[in-house]
Amino acid sequence: MQHMRIHNTVMLFGLVLLLCQCKVTSTFSTEKELQNIREVLDKQQSAWNDGDLEAYMEGYLHDSSLSFIGQRGITYGWKNTLANYKKGYEDKNAMGRLEFEVIETKVLSQNAAYMLGKYTLYRESDQPSGFFSLLWQKIEGQWVIASDHTSG
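Analysis parameters
- Residues numbered from 1 in each chain as written.
- Predicted model: local features only at pLDDT ≥ 70, side-chain atom pairs only at ≥ 80, totals over all residues.
- Heavy atoms only, no water.
- Helix = DSSP H or I, 4+ residues; strand = E, 2+ residues; numbered from the N terminus.
- Buried < 20%, exposed > 50% of the residue type's maximum accessible area, 1.4 Å probe, protein only.
- Areas by Shrake-Rupley, 256 points an atom, 1.4 Å probe, with all protein chains shown as cover.
- Salt bridge = Lys/Arg side-chain N within 4 Å of Asp/Glu carboxyl O.
- Phe/Tyr/Trp six-rings, centres within 6.5 Å; stacked < 30°, edge-to-face > 60°.
- Pairing = 2+ DSSP bridges.
- Axes fitted to C-alpha atoms, helices over the stretch in contact; angles between N-to-C directions.
- Lys, Arg positive; Asp, Glu negative; His and termini not counted.
- Polar contact = N/O pair within 3.5 Å; in protein donor to acceptor, adjacent residues only side chain to side chain.
- Contact = heavy atoms within 4.5 Å.
- Patch = residues over 30% accessible without salt bridge, like charges linked within 9 Å, V, L, I, M, F, W, Y side chains within 5 Å.

Participant: Looking at this model, I keep getting lost on the overall build of the chain. Mind explaining?
Facilitator: Scanning the chain from terminus to terminus reveals five helices and six strands. Moving toward the C terminus, one meets the helices and strands of the chain in the order α-α-α-β-β-α-α-β-β-β-β. Per-residue burial over the chain gives 31% buried out of 152 residues. Carbon and sulfur atoms provide 54% of the accessible area of the chain, an area that totals close to 9,900 Å².

What follows is the structure in structure tokens.
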């Protein structure tokens, strides 16, 4: 009799765990999150190609904890990162046409993802390119880049 109660308790516990997993799985879709992240990146690419650095920066964490690592070292903060972009790309001609190639994206949790990719700038006089790694965070339902390491 004791053995039967333990067996029933274990079965009930297993069923509860299974139901909990189903609920989590149904509300969180890795594919949907990957799509949402890609939409942000696509908006950034379009904004860049329109010559709109402020709109491009909307894909970044709007906070002083944003980190951007590039040729000049580490820059912290959304405003500082925007200021650096404005110094380096003074007009649409200097910005050129940007294309991103995503190599891989990994959803690490419900609010964190990691992306590796390549960028290419097509300009009249040159075609600089390089690689990037991005740490994405989901904050208040929106995916944003919290850390960007770009080499070129």
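From this point, things continue past the structure.
Participant: Sorry, what's going on with the pattern of salt bridges here?
Facilitator: Side-chain pairs of opposite charge can arise where the charged atoms are in close proximity. Counting across every chain of the model gives six salt bridges. With a shortest N-O distance of 3.0 Å, Glu33 and Lys138 are connected by a salt bridge. One end of the pair, Glu33, is in helix H2 (residues 30-49); the other, Lys138, is in strand E5 (residues 129-139), with 105 residues separating them in the sequence. Taking the relative accessible area as the measure of exposure, Glu33 reaches 6% and is therefore buried. Notably, a salt bridge pairs Asp42 with Arg38, separated by 2.9 Å at the nearest N-O pair.

Participant: Even after reading the chapter, I still don't get the packing of aromatic side chains, so can you show me in this structure?
Facilitator: How two aromatic rings sit relative to each other is given by the distance of their centres and the angle of their planes. Tallied over the entire structure, the rule returns eight aromatic pairs. Taking 5.7 Å as the distance between ring centres and 70 degrees as the angle between the ring planes, the aromatic pair formed by Phe68 and Tyr85 counts as edge-to-face. Taken together, the residues span a long stretch of sequence, with Phe68 in strand E1 (residues 67-70) and Tyr85 in helix H4 (residues 78-88) at a distance of 17 residues. Each member of the pair, Phe68 as well as Tyr85, is classed as buried. Measuring from ring centre to ring centre gives 6.2 Å for Tyr85 and Tyr89, while their planes differ by 35 degrees; the resulting arrangement is tilted. Given the relative accessible area of 11%, Tyr85 is considered buried. Here Tyr89 falls in the partly exposed class, since its relative accessible area comes to 23%.

Participant: How should the sheet that holds strand E4 (residues 112-122) be read in this particular structure?
Facilitator: Pairing between sheet strands relies on hydrogen bonds along the backbone, with the strands arranged either parallel or antiparallel. Strand order in this open sheet of six strands is E2-E1-E6-E5-E4-E3, and the pairing throughout is mixed. The sheet is open, and its two borders are formed by strand E2 (73-76) and strand E3 (97-109), each paired with just one other strand. Here the average twist between neighbouring strands, direction ignored, is 25 degrees. Both E1 and E2 contribute to a ladder of four bridges, which runs antiparallel.

Participant: Teacher, can you tell me more about the pairing of E1 here?
Facilitator: Residues in a regular strand point their side chains to alternate faces of the sheet. Count of turn residues in the E1/E2 antiparallel hairpin: two residues. Strand direction decides the pairing type here: E1 and strand E6 (residues 142-151), joined by three bridges, are parallel. Within E6, the position partnered with Ile69 by the bridge is His149.

Participant: Teacher, can you tell me more about the side chain of Asp148 here?
Facilitator: Along the polypeptide, Asp148 turns up in strand E6. Buried charge Asp148 goes without a salt bridge, the closest partner of opposite sign being Arg72 at 13 Å. Reaching out from Asp148, the side chain makes a polar contact with the side chain of Tyr60 at a distance of 2.6 Å. Setting aside residues up to four positions removed in sequence, Asp148 forms contacts with Tyr60, Ser67, Phe68, Ile69, Tyr85, Phe132, Ser133 and Leu134.

Participant: Whenever I open this one, a nonpolar patch on the surface confuses me. Can you help?
Facilitator: On the surface, Leu108, Tyr114 and Leu135 cluster together to form a nonpolar patch covering roughly 270 Å² of accessible area. Summarising the element assignment, Leu108 is placed in strand E3.

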